[in-house]
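Chain by chain, the residues run as shown.
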Amino acid sequence: MRIRFALAAGAAAAGTLAVVIAAPAQAAEYSSALKIKGVQYDAPGRDSNNCATGNSRSEYLTIRNYSRTAKVNLKGYVVKDATGNRFTFPSNHYLEPGDYVKLRGGHGTDSDAKNVVYRQNCNFIWNNDKDTIYLYKPSGAHADTHAYTKSRDDRDGNGYITFHG
């Protein structure tokens, strides 16, 4: 918090104590370069977590590095939902400043070049009506958190919500 000191003309002339006015500084939600950019919480089509024919790969979370200078390694970052379903990034995946990654359901090959990491799990993680998404740093500190409800946040009904522009 930034503190500003102001002297009223009359108070200064009378030799009294200055008035202290507290003005809040701009505060970041959490001190992290990584933020949840958006979530495709409702995969297009009828939900099926069958690994061979299902659509869990179409459910994804986009995480972006909002730093202008820092490259961030995702290894050890944790994503989880309100009920405790979780994914920990198991290996090095670097995000340059302004870069993003899509964390997808299903099985696949992770790729820095294609900005994708797969959870290697065909179960859906995000609820189609409402949920809370948590992103934690490897240290356990919060990086970002967002709650959503379909009725409040998905105005166009396409199953995708944007959190940070």
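To be clear, the structure that these remarks concern was listed above.
Computed from a predicted structure; not experimentally measured.

Asker: Explain the pairing of strand S6 (residues 78-81) to me, please; I cannot follow it from the model alone.
Answerer: The side chains of a regular strand alternate between the sheet's two faces. In the sheet, S6 pairs with strand S7 (residues 86-88) via three bridges, with the strands oriented antiparallel. The partner of Lys 80 across the bridge, within S7, is Arg 86. Hairpin connection between S6 and S7: a loop of four residues separates the two successive antiparallel strands, and Gly 84 in this loop has a positive phi of roughly 100°. With four bridges joining them, S6 and strand S11 (residues 130-136) adopt antiparallel strand pairing. Paired with Val 79 across the strands is Leu 135, a residue of S11.

Asker: Can you walk me through the sheet that holds strand S10 (residues 116-118) in this structure?
Answerer: One key point about sheets: their strands pair by backbone hydrogen bonds, in either a parallel or an antiparallel sense. Strand order in the open sheet formed by five strands is S10-S9-S4-S3-S13, with mixed pairing between adjacent strands. Taken across any chain shown, the strands that pair with only one partner, and hence form the sheet edges, are S10 and strand S13 (160-162). Strand after strand, the sheet turns through a mean of 25° between neighbouring axes, direction not considered.

Asker: What am I meant to see in the pattern of salt bridges here?
Answerer: Charged atoms that come close allow side chains of opposite charge to pair. Counting across every chain of the model gives three salt bridges. When the shortest N-O distance is used, the salt bridge between Lys 71 and Glu 96 registers 3.8 Å. Placement of the pair is Lys 71 in the loop between strand S4 (60-65) and strand S5 (72-73) and Glu 96 in the loop between strand S8 (94-95) and strand S9 (100-104), with a sequence separation of 25 residues. The exposure class of Glu 96 is partly exposed, given its relative accessible area of 41%. A salt bridge links Asp 153 to Arg 152; the nearest nitrogen and oxygen atoms lie 2.8 Å apart.

Asker: Is there a simple way to think about the side chain of Asp 154 in this case?
Answerer: Its place among the elements puts Asp 154 in the loop between helix H2 (150-153) and S13. Salt bridges are absent for the buried Asp 154, whose nearest opposite-charge side chain, Lys 150, sits at 6.1 Å. In this structure the side chain of Asp 154 is engaged in a polar contact, spanning 3.3 Å, whose partner is the backbone nitrogen of Asn 158. Discounting residues that sit within four places of it in the chain, Asp 154 has contacts with Tyr 41, Thr 149, Gly 159, Tyr 160 and Ile 161.

About the thresholds
Residues numbered from 1 in each chain as written. Predicted model: local features only at pLDDT ≥ 70, side-chain atom pairs only at ≥ 80, totals over all residues. Heavy atoms only, no water. Pairing = 2+ DSSP bridges. Helix = DSSP H or I, 4+ residues; strand = E, 2+ residues; numbered from the N terminus. Axes fitted to C-alpha atoms, helices over the stretch in contact; angles between N-to-C directions. Salt bridge = Lys/Arg side-chain N within 4 Å of Asp/Glu carboxyl O. Buried < 20%, exposed > 50% of the residue type's maximum accessible area, 1.4 Å probe, protein only. Lys, Arg positive; Asp, Glu negative; His and termini not counted. Polar contact = N/O pair within 3.5 Å; in protein donor to acceptor, adjacent residues only side chain to side chain. Contact = heavy atoms within 4.5 Å.

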